[in-house]
Amino acid sequence: MRIAVFSTKPYDEHYLSSANADHGHDLVFLEPRLVARTVALAEGSEAVCAFVNDVLDREVLTGLAERGIRVVALRSAGFNHVDLHAAADLALTVVRVPAYSPHAVAEHAAGLILALNRKIHRAYMRVREGNFALTGLLGFDLHGKTVGVVGTGAIGTVFARIMTGFGCRILAHDPHPKAACADIGVTYVPLPELFASSVIVALHCPMTPETHHIIDGEALAQMRDGVMLINTSRGALVDTAAAIEALKSGRIGALGLDVYEEEQHLFFEDLSDRVITDDVFSRLLTFPNVLITGHQAFFTTEALEHIAHTTLANVTAIERGEEGAHIISTERVD
Ligand code: NAD
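Owing to the predicted nature of the structure, the values given are computational and were not obtained by experimental measurement.

K.L.:
Sorry if this is basic, but what is going on with the sheet that holds strand β12 (residues 290-292) here?
P.N.:
Hydrogen bonds between backbone atoms are what pair the strands of a sheet, whose relative direction is either parallel or antiparallel. What the seven strands build is an open sheet, ordered β8-β7-β6-β9-β10-β11-β12; its pairing is parallel. Where the open sheet ends on each side, the last strands, each with one partner, are β8 (187-188) and β12. Two strands pair when backbone bridges link them, and strand β6 (residues 146-150) and strand β9 (residues 200-203) are joined in this way by four bridges, in the parallel orientation. The partner of V147 across the bridge, within β9, is I200. Sheet contacts for helix α4 (residues 102-118): β9, β10 (227-231), β11 (252-257) and β12; angle to β10, the most-contacted strand, approximately 145°.

Right, here's the structure in full:
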């Protein structure tokens, strides 16, 4: 199938081209994001391959369908950015990569915790400037601390296992508790109890209408003073304005973000010679106890190989009318 690959970076081209040796699709690599004004670039293709900050609303999907696109292949697990009802109305098949490397994301979440706790990001800068003072770098033992995990799917489960390895006690909240987590000693509790008891709260649930701003002022008010909050899931799980207030009051003692509500205007691009006009994001950058990475938790060799193979296998299965494509059904959004 001819596939227009939007938001292409050099690493996407590398891994998709390698994986395509097994599939023989005609890949058209396009640097622009998929938005209404770039839909025309898909002309002549039967499928588009899109990433997390591409726009897949009704307007864009209609434009794609009008140009003969039949398949939208997401090279991501999350699909909150797709209007699945519009896709169904337009007879577009949407596929995704359900679980590519839960280890990549869970390990990155653990990395944010270690860096924030021991102030490694600050120590790195100090030592380079010849400042070997320790004042301000005090951390705490992770061993024996309570960690709250919101969402124990593929990533949350691996994360819980990693934190168990540090000797942490794990509380979790998930509408679908997992036996595998209970087996390693995870205790499922209601969200207010998780918030009230956890020294670290880590978000590993998907972005849905129900989880939008699951961390808002009210949730933060239930947390312990100085709580460490980690979000590697989706930006809109956290009400950023409320998080800033909680950082100012000390309610949040450390904030680790790999995702941000308005990241589509920032992430994945080199903006180092431009002025950042997002004042909320700029405010976050002023806090010494905030560590932000630009949606890189998935970014490991293993994950990129898996994403490329599964993405192309999804398209191949649909092309051949075979079973096995990871199709997202519209029922999942209701
Ligand atoms: P998953 O579908 O395996 O697990 C999600 C879990 O969240 C499920 O167990 C589900 O029952 C639970 N859940 C749903 N609603 C909930 C709620 N209201 N409260 C608590 N739990 C709830 O997904 P996954 O593979 O573990 O991925 C989790 C999220 O991580 C994805 O949705 C995606 O947004 C994000 N992600 C981020 C990156 C990155 O690079 N930063 C990469 C991959 C995935």
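K.L.:
Sorry, what's going on with a nonpolar patch on the surface here?
P.N.:
Together, L114, I120 and F166 make up a nonpolar patch on the protein surface, roughly 230 Å² of accessible area in all. Mapping F166 onto the fold places it in the loop between α6 (154-165) and β7 (169-173).

K.L.:
Explanation requested: the domain arrangement of the chain in the structure shown.
P.N.:
Considered domain by domain, the chain is made up of domain 1 (2-100 + 300-332) and domain 2 (102-292). On a C-alpha basis, the centroid separation for the pair domain 1 and domain 2 is 30 Å. Across the boundary between the two partners, domain 1 contributes 11 residues, which contact 10 residues of domain 2. Overall, the association of domain 1 and domain 2 removes approximately 920 Å² of surface from exposure, summing both partners, and the carbon and sulfur fraction of that is 55%. Viewed at the interface, domain 2 and domain 1 are joined by one salt bridge. With its nearest N and O atoms 3.0 Å apart, the salt bridge here joins E269 to K9. Our count for the domain 1 to domain 2 interface comes out at four residue pairs in polar contact (both at pLDDT 80 or more).

K.L.:
Just to check I follow, could you spell out the site of the ligand for this structure?
P.N.:
Around the ligand there are 24 residues in total, and Y100, I155, D174, E210 and T232 lie nearest to it. Contact distances for the ligand include 2.8 Å between an oxygen atom and a backbone N or O atom of I155. With respect to the ligand, the side chain of E210 contributes an N or O atom lying 2.9 Å from a nitrogen atom. Considering the ligand on its own, with 860 Å² of exposed area, one finds that the protein chains cover 86% of that surface. Taken together, the residues that form the shell around the ligand break down as 10 nonpolar, 10 polar and four charged.

K.L.:
Just checking my understanding: could you explain the environment of R96 for this structure?
P.N.:
When you line up the elements, R96 lands in the loop between β5 (93-95) and α4. Spatially, the C-alpha atom of R96 lies 35 Å from that of M223, the residues being 127 residues apart in sequence.

K.L.:
When you look at the packing of α4 against α6 in this model, what are you seeing that I'm missing?
P.N.:
Helices that pack against each other are described as a pair by the angle of their axes relative to one another and the distance between those axes. For the pair α4 and α6, interaxial distance at closest approach is 8 Å and the crossing angle is 45°. Considering their axes alone, α4 and α6 lie oblique with respect to each other. Helix-helix and strand crossings are classified by hand; for α4 and α6 the assignment is right-handed. The residues of α6 that touch α4, namely those facing P102, H103, V105, A106, E107, A109, A110 and I113, are A154, I155, V158, F159, I162 and M163. Residues belonging to the contact of α4 with α6 are distributed by class as follows: 12 nonpolar, one polar and one charged.

K.L.:
Explain the pattern of salt bridges here, please?
P.N.:
Within the structure shown, the criterion is met by eight salt bridges. A salt bridge links R58 to D89, with the nearest nitrogen and oxygen atoms 2.9 Å apart. Residue R58 is located in helix α2 (residues 58-66), and its partner D89 is located in helix α3 (residues 84-89); the two are separated by 31 residues in the primary sequence. Judged by relative accessible area, which is 56%, D89 ranks as exposed.

K.L.:
What is the right way to read the sheet that holds β5 from this model?
P.N.:
Strand order across the open sheet formed by five strands is β2-β1-β3-β4-β5, with parallel pairing between neighbours. Of all the strands in the sheet, the pair left with one neighbour each is β2 (26-29) and β5. Adjacent strand axes in the sheet meet at a mean angle of 20°, parallel and antiparallel pairs treated alike. Pairing analysis gives four bridges linking strand β1 (residues 2-5) to β2, with the strands arranged parallel. What sits directly across from A4, in β2, is V28.

K.L.:
Before we go on, may I ask you to explain the packing of aromatic side chains in this structure?
P.N.:
Two numbers describe a pair of aromatic rings. These are the distance of the centres and the angle of the planes. The full count for this structure, using the stated rule, is six aromatic pairs. A ring pair is formed by Y11 and F299, whose centres lie 4.6 Å apart and whose planes are at 70°; its orientation type is edge-to-face. Taken together, the positions of Y11 in helix α1 (residues 10-19) and F299 in the loop between β12 and α12 (301-320) put the pair 288 residues apart, joining distant regions of the chain. According to the relative accessible area criterion, Y11 is partly exposed, its value standing at 26%. Look at Y260 and F281: their rings are 5.0 Å apart centre to centre, the planes differ by 55°, and that puts the pair in the tilted class. Taken together, the residues Y260 in the loop between β11 and α11 (279-285) and F281 in helix α11 connect sequence positions 21 residues apart. Judged on exposure class, the residue Y260 and its partner F281 are both buried.

The rules behind these values
- Residues numbered from 1 in each chain as written.
- Predicted model: local features only at pLDDT ≥ 70, side-chain atom pairs only at ≥ 80, totals over all residues.
- Heavy atoms only, no water.
- Pairing = 2+ DSSP bridges.
- Helix = DSSP H or I, 4+ residues; strand = E, 2+ residues; numbered from the N terminus.
- Contact = heavy atoms within 4.5 Å.
- Axes fitted to C-alpha atoms, helices over the stretch in contact; angles between N-to-C directions.
- Patch = residues over 30% accessible without salt bridge, like charges linked within 9 Å, V, L, I, M, F, W, Y side chains within 5 Å.
- Areas by Shrake-Rupley, 256 points an atom, 1.4 Å probe, with all protein chains shown as cover.
- Salt bridge = Lys/Arg side-chain N within 4 Å of Asp/Glu carboxyl O.
- Domains from an automatic or database assignment.
- Buried area = accessible area lost by both parts, 1.4 Å probe.
- Polar contact = N/O pair within 3.5 Å; in protein donor to acceptor, adjacent residues only side chain to side chain.
- Near = heavy atom within 4 Å.
- Nonpolar A, V, L, I, M, F, W, Y, C, P; charged D, E, K, R; others polar.
- Parallel < 35°, antiparallel > 145°, perpendicular 65-115°, else oblique.
- Left-handed = near helix turned anticlockwise from the far one by under 90°.
- Buried < 20%, exposed > 50% of the residue type's maximum accessible area, 1.4 Å probe, protein only.
- Phe/Tyr/Trp six-rings, centres within 6.5 Å; stacked < 30°, edge-to-face > 60°.

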